[in-house]
Amino acid sequence: MDAVEEQKDLPWSEKCVRPAPPPSRARADAVPLHHDPPPHRYRPRRLRDIADQTAAHALAAALDSGAGVPQHMLFHGPPGTGKTSTALAVCHELFGPALMRERVMELNASDQRHIGAVRDKVKVFANLAVGGGGGAAPPYKVVVLDEADSMTHDAQTALRTIMERFSHVTRFILCVNYISKVSEPLVSRCVSFRFDALPEEAVVDHMRRIVGSEGCGGGAALVGDAQLRWVMQATG
């Protein structure tokens, strides 16, 4: 019996139902592997694109004037104020997209808070020589440590030693929520920049642009400021 004859013997409902594609195939078709989540896709790449932060604009002016940025920096302030975005924007402006992977290490110190992580990861990267082909890029690397205030006292002591030993080839940007949790010797080796809470309207305006770009729920016509303010408050 061929396929046509088998189809005749099937109930009407089974004749009309088409088999679904395999789950892995459907998943790959729906979400491309190169698709970046919105928090990464809309993260500012230039310092001048960071809204309402004096620190970011001061660093942009320093780079534009040719003065460069401080050797080690400490960004402190409440969560969600743009500390990590500013740190990565500094790196983008120093190295350009082509050298980001080679010259920049970004670590969330809350996941790498013990002394072993500092010795095994940070020290190894800090000790690496800077390769050629950088063109106008400065001859050093940058380590961005997010939530560095969560590191243990021993880890902070080890980090201070690494900063002193490898400062000729590696610079550090520490992002912290509570500067009081950072040891004084570590603070003293950095130039500190305070990040203040963003005005509510600045946050809503940025969310509004994202909604328009993503086409969420028909865009800004269906997602109003009230909904955006609710999301902002619910997510902190």
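Above this note sits the structure.
Residues numbered from 1 in each chain as written. Predicted model: local features only at pLDDT ≥ 70, side-chain atom pairs only at ≥ 80, totals over all residues. Heavy atoms only, no water.

Draft legend 1. Region of the structure containing helix α9 (residues 153-165). The end-to-end C-alpha separation of α9 is 19 Å, in line with the 18 Å expected for 13 residues at 1.5 Å each. Regarding α9, the residues found buried are Ala-155, Gln-156, Ala-158, Leu-159, Ile-162 and Met-163. The buried residues of α9 occupy an angular sector of 160 degrees when projected down its axis, which confines them to one face. The exposed set on the far side of α9, more than 90 degrees from its buried face, consists of His-153 and Arg-165. Looking at the packing, one finds that the buried side of α9 touches α8 (115-127), β3 (141-146), β4 (170-176) and α10 (184-188). (Helix = DSSP H or I, 4+ residues; strand = E, 2+ residues; numbered from the N terminus. Expected span 1.5 Å × (residues − 1). Buried < 20%, exposed > 50% of the residue type's maximum accessible area, 1.4 Å probe, protein only. Arc of directions from axis to C-beta. Contact = heavy atoms within 4.5 Å.)

Draft legend 2. Structural detail: the pattern of salt bridges. By the definition in use, this model includes three salt bridges. Measuring nitrogen to oxygen at the nearest pair gives 2.5 Å for the salt bridge that ties Arg-48 to Asp-64. Of this pair, Arg-48 sits in the loop between α4 (38-41) and α5 (54-65) while Asp-64 sits in helix α5; the two residues are 16 residues apart in sequence, bridging distant segments of the chain. Here Arg-48 and Asp-64 have matching classes, each one exposed. Asp-196 serves as the salt-bridge partner of Arg-194, at 3.1 Å between the closest nitrogen and oxygen. Residue classification places Arg-194 among the partly exposed positions, given a relative accessible area of 47%. Accessibility expressed as a relative area gives 44% for Asp-196, which makes it partly exposed. (Salt bridge = Lys/Arg side-chain N within 4 Å of Asp/Glu carboxyl O.)

Draft legend 3. Main features of the sheet that holds β4. Strand order in the open sheet formed by five strands is β2-β3-β4-β1-β5, and the pairing between neighbours is parallel. Each edge of the sheet is formed by a strand with only one pairing partner; in this case those strands are β2 (104-108) and β5 (191-194). Sheet twist, expressed as the mean angle between neighbouring strand axes with direction ignored, is 15 degrees. With six bridges connecting them, β3 and β4 associate as parallel partners. Paired with Val-142 across the bridge in β4 is Arg-171. Sitting on the sheet, helix α6 (residues 83-95) touches β1 (73-76), β2, β3 and β4, and the angle it makes with β3 is about 170 degrees. (Pairing = 2+ DSSP bridges. Axes fitted to C-alpha atoms, helices over the stretch in contact; angles between N-to-C directions.)

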